[in-house]
Amino acid sequence: MRLPLIKPSELTDAQKPLYEDMKAGIATNFNDFKTIDANGSLCGPWNPWLHEPVYGKAVWELTKAMSIGASLPDPARQIAILVTGAHFDAAYELYAHIAVAEREGMSAARLSELCAGVKPRDLSPEEAVAYDVAFALVNGGVLPEPCYTLAVTTFGQHGANELIYLVGLYCLVSMTLNGFNVPVPERE
């Protein structure tokens with residue numbers, strides 16, 4: 001971990017409102033995995049964002065918008081997030097979203113394939129589209145027309161837009177986690 005966890009008692013005036021907003025959002029939207037340590041310090045990507053509150057607030061606002069206002073079916077969202085995390089080998093992102101996927105009943109075999117960069121054969125049509133879009137985007141270049149068209153057909157224009165933004169957000173989350181070498185908490 002390249003940035004120390006910030007105890008609530010050590011927050012600057014610029015960090016305090018962001019901490020409170022992130023802590024409240026985490027409590028309602030991110031409770032399948034460890035996000036806060038025993039001291040009340042934020043873990044995961046929230047700690048680096050808290051270190052730079054101007055950037056952190058902007059990323060947090062996007063994270064909230066993508067989480068709270070999500071219209072994509074959650075299984076498709078989790079597939080896209082896991083494809084992105086696996087591509088970048090973002091350990092905390094995989095840890096967190098494996099926990100979410102497990103709670104939602106995703107099989108160990110499917111999780112293993114996704115984390116290994118393999119497209120599972122048992123994906124629903126929506127999940128398969130999410131996989132293909134995420135895979136194409138993280139591997140660079142313009143999203144191929146058939147992938148884009150199928151995303152619009154499957155999710156509507158708004159849903160296709162959301163899927164593209166979601167992959168972009170989790171690329172940023174992955175870079176945050178990898179750049180600051182954010183550790184994975186022990187699983188219970």
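Residues numbered from 1 in each chain as written. Predicted model: local features only at pLDDT ≥ 70, side-chain atom pairs only at ≥ 80, totals over all residues. Heavy atoms only, no water.

Engineer: Can you tell me about the packing of aromatic side chains, naming the residues and giving the values?
Structural biologist: As enumerated under the stated definition, the model contains nine aromatic pairs in all. Taking 6.4 Å as the distance between ring centres and 65° as the angle between the ring planes, the aromatic pair formed by Phe30 and Phe33 counts as edge-to-face. Look at Phe30 and you get buried, because its relative accessible area is 9%. For Phe33, a relative accessible area of 9% translates into the label buried. Relative to Trp60, the ring of Phe30 lies with its centre 6.3 Å away and its plane at 50°, an arrangement referred to as tilted. A residue pair is termed long-range when its members are at least 10 positions apart, and Phe30 in the loop between helix 1 (16–29) and helix 2 (46–51) and Trp60 in helix 3 (residues 53–68) qualify at 30 residues. Site record: aromatic cluster; members linked through ring pairs are Phe30, Phe33, Trp46, Trp49, Trp60, Tyr92 and Tyr95. (Phe/Tyr/Trp six-rings, centres within 6.5 Å; stacked < 30°, edge-to-face > 60°. Buried < 20%, exposed > 50% of the residue type's maximum accessible area, 1.4 Å probe, protein only. Helix = DSSP H or I, 4+ residues; strand = E, 2+ residues; numbered from the N terminus.)

Engineer: Quick one: what's the story with unusual backbone geometry, residue by residue and with numbers?
Structural biologist: Positive phi is not limited to glycine here, since Asp89 has a value of about 50°. Relative to the helices and strands, Asp89 resides in the loop between helix 4 (74–88) and helix 5 (91–103). We classify Asp89 as exposed; its relative accessible area is 57%. For Asn181, which is not glycine, the phi torsion reads 50° and is therefore positive. Counting through the fold element by element, Asn181 comes out in the segment after helix 8 (145–179). For Asn181, a relative accessible area of 42% translates into the label partly exposed.

Engineer: How would you sum up helix 6 (residues 108–115)? Please name residues and give values.
Structural biologist: Of the positions making up helix 6, those classed as buried are Arg110, Leu111 and Leu114. One face of helix 6 carries all of its buried residues, which in axial projection span an arc of 100°. Facing away from the buried surface of helix 6 by more than 90 degrees, the exposed residues are Ala108 and Ala109. Here the buried face of helix 6 lies against helix 4, helix 5 and helix 7 (125–138). Note on helix 6: the residue one or two positions beyond its end, Gly117, has a positive phi of about 80°. (Arc of directions from axis to C-beta. Contact = heavy atoms within 4.5 Å.)

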